[in-house]
Amino acid sequence: MATKLFVGNLNFRTQPEVLATFFREAGEVLNVEIIARNNYASRGYGFVDMATEEGAQKALNELNHKELDERLINIELAKPRQIPAEGQAPAEGRRGSINRPRPFRPRRRRGTAPGAAATSAQIPVERAPPTPSPTRVYVNNLPWAIDDEQLMAHFATFEPKTANVVRRPNGMSAGYGFLEFEDSEHQQAAINALNGTSILERPITVKVANAPPTPGQARPRPRARSMSGRRPGFFPRRRGSLRPRGPPPPLSTTRVFVANLPFSVTDEELNEMFESLSIKEAHVAKTSSGGSRGFGFVDFENEAAQKEAIDKFNGQTYGERPISVRVAREPRPAPEATEAPAAEAPAQ
């Protein structure tokens, strides 16, 4: 059995990295290519090279007619390219053109001597098998509007260390993300409790993620280029996730973070929930459109009231949802605006 698969009915917005992540549910992916037009727009189909025949068969059995980017995709074994036998007339294409197989000409890198690219292309690349992470989870089928904080809030009961929604070069969500937990117990508890649950009416998939590649680990070098001019399987770094933000703010002694709130909760209702304690202020985090993000913050007069709120309300049910209450960090200071010095008043 071959290991190359044809994938049809793709969403025209689907990127190679998203398609590769989708097929990794069946096994290791060697290469992904989405066929594009001359203007780099997707034609709606592509090819996926699996590492093993077992992975290709698993993809056919489990991923065929499954939804990807809101479209049901079709998966078939890729048919080998038909090359006419010697002496046989090749088939005529559109407008009377003749489809002749083009010889492979390896792309030569700038600054290298002719023939160097062909020599380097023949060097095999050893690929280390992916290693499951003991603390990291992969979350798929996320709503496009979800950001890092909302993803963190959905998993807040299991105290994740970090949450990251993967984004495309244009800043839009790729529909999946990763969370890092303190240990494997929190990781497995989050998978068991939240796999199949819904965020904004979309059922999510939560499973063990592969550990990130270690420095110096060999990666496959794809040979061709596809839509947007990038090599298939080449995933650019996310600039937003690498932007330096400095050390995290210190933990607050009077502030708590309240997660998993119903999206209908208002500032007044959050204030009423904690009004029996020495509360200063309570507010629900809002999106740019004014809707709730599903979490909020409450400031108390002193540390004793903060600890009492955590002991009393953490794990309690509000609006049929178990809320998480824990110590919050101090808010980041707003960037200082550069003000022009005021003009001196004229002498009287």
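Residues numbered from 1 in each chain as written. Predicted model: local features only at pLDDT ≥ 70, side-chain atom pairs only at ≥ 80, totals over all residues. Heavy atoms only, no water.

## Overview of the sheet that holds strand S12 (residues 205–210)
Backbone-to-backbone hydrogen bonds pair the strands of a sheet. The strands run either parallel or antiparallel. Read across the sheet, 4 strands follow the order S8-S9-S7-S12 without closing on themselves; strand pairing throughout is antiparallel. Edge strands, defined here as strands with exactly one partner in the open sheet, are strand S8 (162–167) and S12. Averaged over all neighbouring strand pairs, the angle between strand axes comes to 30°, with direction disregarded. Note: strand S7 (residues 132–140) against S12, 5 bridges, orientation antiparallel. Along S12, the bridge assignment pairs Val139 with Val206. (Pairing = 2+ DSSP bridges. Helix = DSSP H or I, 4+ residues; strand = E, 2+ residues; numbered from the N terminus. Axes fitted to C-alpha atoms, helices over the stretch in contact; angles between N-to-C directions.)

## Concerning the side chain of Ser324
In this fold, Ser324 is placed in strand S18 (residues 324–329). When residues no more than four places from it in sequence are discounted, the contact partners of Ser324 are Ala156, Thr157, Phe257, Val258, Ala259 and Asn314. (Contact = heavy atoms within 4.5 Å.)

## A look at the pattern of salt bridges
Taken as a whole and judged by the stated rule, the model has 7 salt bridges. Arg293 is the partner of Glu149 in a salt bridge, and the nearest nitrogen-oxygen pair spans 3.9 Å. Here Glu149 is found in helix H4 (residues 148–154), whereas its partner Arg293 is found in strand S15 (residues 292–300), with 144 residues between them in sequence. Judged by relative accessible area, Glu149 falls into the partly exposed class, the value being 46%. Of the charged contacts in the structure, one is a salt bridge between Asp267 and Lys286, with a shortest N-O distance of 3.3 Å. A residue pair is termed long-range when its members are at least 10 positions apart, and Asp267 in helix H7 (residues 267–273) and Lys286 in strand S14 (residues 279–286) qualify at 19 residues. By relative accessible area, Asp267 is classed as partly exposed at 26%. When salt bridges with common partners are traced through the structure, they connect Asp147, Glu149 and Arg293 into a single cluster. (Salt bridge = Lys/Arg side-chain N within 4 Å of Asp/Glu carboxyl O. Buried < 20%, exposed > 50% of the residue type's maximum accessible area, 1.4 Å probe, protein only.)

## Details of the nonpolar core
The biggest cluster of nonpolar side chains holds 27 residues, and the ones touching the most others in it are Leu5, Leu19, Phe23, Val48 and Met50. Elements represented by at least two residues in this core include exactly strand S1 (4–8), helix H1 (16–23), strand S2 (29–36), strand S3 (42–50), helix H2 (53–62) and strand S9 (173–180). Counting residues per element, this core draws most heavily on H1, which supplies 5 residues. Discounting residues that sit within four places of it in the chain, Phe23 has contacts with Leu5, Val7, Val29, Val48, Met50, Ala59, Leu63 and Ile75. Core analysis: the second largest hydrophobic core is formed by 19 residues, Val258, Leu277, Phe313 and Val325 among them. (Core = buried A, V, L, I, M, F, W, Y, C linked by side-chain atoms within 4.5 Å.)

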